Structures are given as structure tokens and as C-alpha cells.
Amino acid sequence: MKILLYNPDNGVTRNFMPHLWMFLLQALTPPGHEVVLIDGNAQPMNEESIARYVREQNIGLVGIGAMTRMIAKAYRMADAVRATGVKVVMGGPHVTELADEALGRDGGPRHADAVALGEADETWPRIVEDAVRGTLKEVYAPVDDFGQERKPSLQPYPKIPWDKIKLEQFNLLPGILYPLLKRVGGGWGTFRIIPVESGRGCPYGCEFCTVTGFFGDSIRFRTNESVVNELLLLKARAREEGGQIAVFFIDDNFAINVRRTKSLLRDIIAANAQVHWVAQISANLLRDEELVDLIAAAGGKWIFIGMESIDPANLADVKKGFNKPGEYAVVLDRLARRNVFAITSFIFGMDNDTPGVAERTLKEIRTWPPGLPIFGLMTPLPATPLYKRLEAAGRLTRPKHWQEFIPFAMAHTPLKMSIDEAHNEVRIGWVSSYSPEAIEKAVDSLNHKPLGYRINIFIARLCFRGIYFSQMGRFAWVKTMLENRRTIVKLIRQGFEGGLHAAVPPVATRPVTEQRH
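What this report covers is the structure whose coordinates are included nearby. (Residues numbered from 1 in each chain as written. Predicted model: local features only at pLDDT ≥ 70, side-chain atom pairs only at ≥ 80, totals over all residues. Heavy atoms only, no water.)

### Structural notes on the overall build of the chain
When helices and strands are counted, the chain shows 20 helices and 14 strands. Against the 2.2 N^0.38 benchmark of 24 Å for 517 residues, the chain shows a C-alpha radius of gyration of 22 Å, consistent with a compact globule. Considering only C-alpha atoms, the chain reaches an extent of 65 × 55 × 50 Å along its principal axes. Look at the contacts in the chain between residues 6 or more apart in sequence, and 74% of them connect residues 24 or more apart. (Helix = DSSP H or I, 4+ residues; strand = E, 2+ residues; numbered from the N terminus. Rg over C-alpha atoms; globule rule 2.2 N^0.38 Å. Contact = heavy atoms within 4.5 Å.)

### Side note on the sheet that holds strand 7 (residues 191-196)
Strand order across the open sheet formed by six strands is 7-10-11-12-13-14, with parallel pairing between neighbours. Each edge of the open sheet is held by one strand with a lone partner, namely strand 7 and strand 14 (372-377). Adjacent strand axes in the sheet meet at a mean angle of 20° when their direction is disregarded. Here four bridges tie strand 11 (residues 277-280) to strand 12 (residues 300-308), and the two strands are oriented parallel to one another. Residue Gln280 lies in a different strand from strand 12, and its bridge partner there is Phe304. Sheet strands touched by helix 9 (residues 224-241): strand 7 and strand 10 (244-249). Its angle to strand 10, the strand with the most contacts, is close to 155°. (Pairing = 2+ DSSP bridges. Axes fitted to C-alpha atoms, helices over the stretch in contact; angles between N-to-C directions.)

### Structural notes on the nonpolar core
Core analysis: the largest hydrophobic core is formed by 114 residues, its most contacted members being Trp162, Trp277 and Ile305. Broken down by element, this core gets its largest block of residues, 10 residues, from helix 18 (residues 451-465). Membership of the second largest hydrophobic core comes to 48 residues, among which are Ile50, Cys202, Ile347 and Trp402. (Core = buried A, V, L, I, M, F, W, Y, C linked by side-chain atoms within 4.5 Å. Buried < 20%, exposed > 50% of the residue type's maximum accessible area, 1.4 Å probe, protein only.)

### What about helix 6 (residues 123-133)?
The α-helix advances 3.6 residues per turn, and as a result positions three or four apart in sequence lie on the same side. Those residues of helix 6 not exposed but buried are Thr123, Trp124, Pro125, Ile127, Val128, Asp130 and Ala131. Against the buried residues of helix 6 lie strand 1 (2-7), helix 1 (20-28), strand 3 (61-65), strand 4 (87-91), strand 5 (114-116) and strand 6 (139-140). After helix 6 finishes, the residue Gly134 shows a positive phi value of roughly 75°.

### Overview of the sheet that holds strand 1
With parallel pairing, the six strands of this open sheet are ordered in space as 2-1-3-4-5-6. With partners counted over all chains shown, the strands left at the sheet margins are strand 2 (34-39) and strand 6, one partner each. Note that strand 1 and strand 3 share four bridges and pair parallel. In the strand pairing of strand 3, Ile3 is matched with Leu61. Docked against the sheet, helix 2 (residues 47-56) engages strand 1, strand 2 and strand 3, running at close to 160° with respect to strand 1.

### So, the pairing of strand 1
Counting buried positions along strand 1 yields six of six residues, so the element is predominantly enclosed. Taking every second residue as pointing to the same face, both faces of strand 1 are buried, with Lys2, Leu4 and Tyr6 on one and Ile3, Leu5 and Asn7 on the other.

### Regarding helix 2
All of the buried residues along helix 2 are Ser49, Ile50, Ala51, Tyr53 and Val54. On the buried face of helix 2, the contacting elements are strand 1, strand 2, strand 3 and helix 3 (71-83). Sitting at the amino-terminal end of helix 2 is Asn46, which places a side-chain oxygen 3.2 Å from the backbone nitrogen of Glu48. A positive backbone phi angle near 55° is found at Asn58, which sits one or two residues after helix 2. (Polar contact = N/O pair within 3.5 Å; in protein donor to acceptor, adjacent residues only side chain to side chain.)

What follows is the structure, encoded as C-alpha cells:
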């Protein structure tokens, strides 16, 4: 049987990084089946084109995974596939919490023939076998013989054949950047970010987060050897292709067990398995100087930090009091001294936010080393404690906001500002951080570093501005490059005058619209 695994975009903005679930399920598919992967963020499709693809390629089963921000598009694509007579299985955090919605049991239309609840590592092979026999069930849940939920062990971990998988659709570099990157050398004709996990689960239980509910509050880890071997495989592929590959560790808190993380980083260094990588780590864990030393030595280049707010009252409200705003500057300086930079995420529209929160936050950000600040709105995702609290208080304005995805639009009423005021705060954050002047200032702040670091922050800022600003077509990219021509000319001139003294670290990308931790 030929199987299509499809990850949708949300129809408005695109994610820059492929999702691990497709590659993992491909590796877990029983022998004798051909599995094709399509990520709508990299290979755009509409309902007509996916239906045509399914017919022309003789697809026998389609698996669709989606988070809340993508679920409306996922449902439309599933409907188009089912109209061809092909069965659709849906999974992911949203479907796990709202299985009845996907199956049409809530009074709405049916979108899926079957749903996979929770982590599908163990249920996916059974789903494929049932589909072949024509005995597909409606619901597949990872439970033990007593009906209790069972989380899959990550030992042993499926071997994903990164040396053989087709990755052409995931080249992230717009063609318009080639002339600049040609000066860099080192195979920058292609650049891909590959998702890798070293563990699952998070014990923190932040109010707005979906992770603890989906993956659980106990942490499961892969063996160090398994992670190291995967990095070595990716490193060898990059060397063979003469391109660039970076890794995004998708663990929701890569250093949640600091002792274990240090052990893994030491093994990466010992095996010479360093690749440029990005990881998500909460600020409280980055107090450890030895950990930060090891991060830098093991290839870490960007750390995603969910700061959320500079207001301790806000952090306490959402059960994230372990974040200490007074420590943010120290943590970021500690990273920057080792040439590791931060993606700092902020949420506006929290209960203690008032008009002016963006400028107050920006005032702090301007005192920090240059990084990638991103701004979103507090969003009540299904089944989270936040959703339940706001629903009970009658504060939801769009109880099923996912059915019509609108980027950067609130779905509830804030306490101390209006919805329009909250939207304006987010706009101020993005405009102030990603204007040509702001980008130039960030680049110039690294004039004491080798040119490669300045090119890195420039490309990263250009890519990240696309999270908020329309930047999906060639014209939009040309316009963006023209707006930033002053900085581009400056970088090219510096390249000719002094050459590069260090390789360009990887551009790191992450979506902002799905809050996780």
C-alpha cells in the first residue's frame, strides 16, 4: 500500500521547520509499504491538488497530523481526500483532545475515518495493518491490557534513515539570498533544519501549554548513544552533499534534567558529533555555567526561551513562576559570551497586561544582546487549564477559534485592556523589532564579532519577520530585501574588505502561534 503522510500549513503563515512526526511514523511503518511525505509549509497544496495527487499516485491511506493553528486547513484537506474514497487517519494534540470533532460526533461534519489519540508510536503499525485488511477502527488509543494510558518508551528508539530520506522540499533558503550566501562558502546553496528529539514530557504544567497534557509530566529519554548516532548520520549527509544541516531539538525543555543533558552533551563532544543546533530551554536552567559551556562546545547556536512576560504577576498567574524576569539579562549575557544567542518569546494579553506592555518589554529587550524576539497573544488552546478557566469565567469570545484560524487574533477578553489594544501591542512589538532600522542596529551590534555572526543575525531576522508580516512570495521577499538594502550593501562590502573569519551559524526558526511552554 502507498501511504501519504501530510502535514498542513495553516493557510496564512508558514512554519520554517518540518515536523518530526512524519519522519518518525515513516520509520515505524511495517515493511512492504511505500510512505510519501508532504509538508504543506514547504510544498503548498490546496484541496484540489491533494485530491489529484491521491488519485494519480494511487494512495491507499492518508495520515494527517496537525496542531490547533493548522486544524481548519487539516480538516479541509481531509475532506478532499475522503471525497476520493481514500481513508484518512488524523492525529496530534488537537485531535487527541477533540476526537469527537474530527469524527463528526459533536454534531458537525465528519473529517476523519479514524483518529490516533496521543503518541502514535505503538498504534501506527496497527493502524496500517487494519487499513490493509479493511478493518480500520474509529479510535486508536495507546493503552495497556488494563485500559490505562501507556506512554511509549524511547528505548529503543526507531532509526530514522536521514541518509536516505528525500529532503529537497525542506531547503529553507530563498533564491534571492544566494548571491549574499555565495560569499560565505561552505556549501550554503542548501540549508535545512532537521527535527530531532532526545526526550519527551514536561513536569511544569504551565496553564496555557498543551505539552504536559499530551506527553505527560514524567520525562522519557533516548539513550545518549541513540542521539549521538543520529547526529553523526546527519553530519555525514551534510558533508556528502556539501550543504548545511542544523538540528532543532524539539524537546519541550532540552535541559529539564540538567545532569542527563550534561552527559549527552559530553558524549556529543567526545564523538565529534557536533552540528549546529537549536533547543528549547527554560531560563531557570541556564543559571548553570557548566551547562552553558557544554552547550557551546557541543554545537549549540540558538536557544529558544519562553520568557512570556517581564511581569512576575503574569508568570505566577499562568503557573510559570519559575521564570524570574530579573535574571533574563544575566542569562542572555551568559549565552552571548559563548556566541550562543536567544530566541525570546513573549505573550501579550495576559491578565495583568495593560496598554504599553509592548514598549515596557522592548525597553528591557534593548538592553540585552541581539537575538530574535517574537511576540504572540495569549491563546486558550483546547483542554488546557487556561481554556477551562476562561470558559468557566465566560471570557471566551470565540470558543472554537480554531475553526477559522486568524493569526494574531485573541479568542478571549483580556482583563486590563481591550482586544484591539492587545492586538496593537503585538503589532508594536513586531514593528519595533523587525523594521529595517531595528535589523540594521542588531547587525551593527555584532561588529566586534566575525562577519559570519552578522550575516547570521541578519538572515535570521529576515526569516523571523515572516512569522508576522506577509512574506510568502517572491515579490514579498524582493520588497523585504529592498527595504534592507542598506544593511545588505554594508555586509557585502565588509565581506569584500575583510572576508569571513568564522562560518555562519545556522538560521534558527520556530513558529510562535502554538504556545507550548
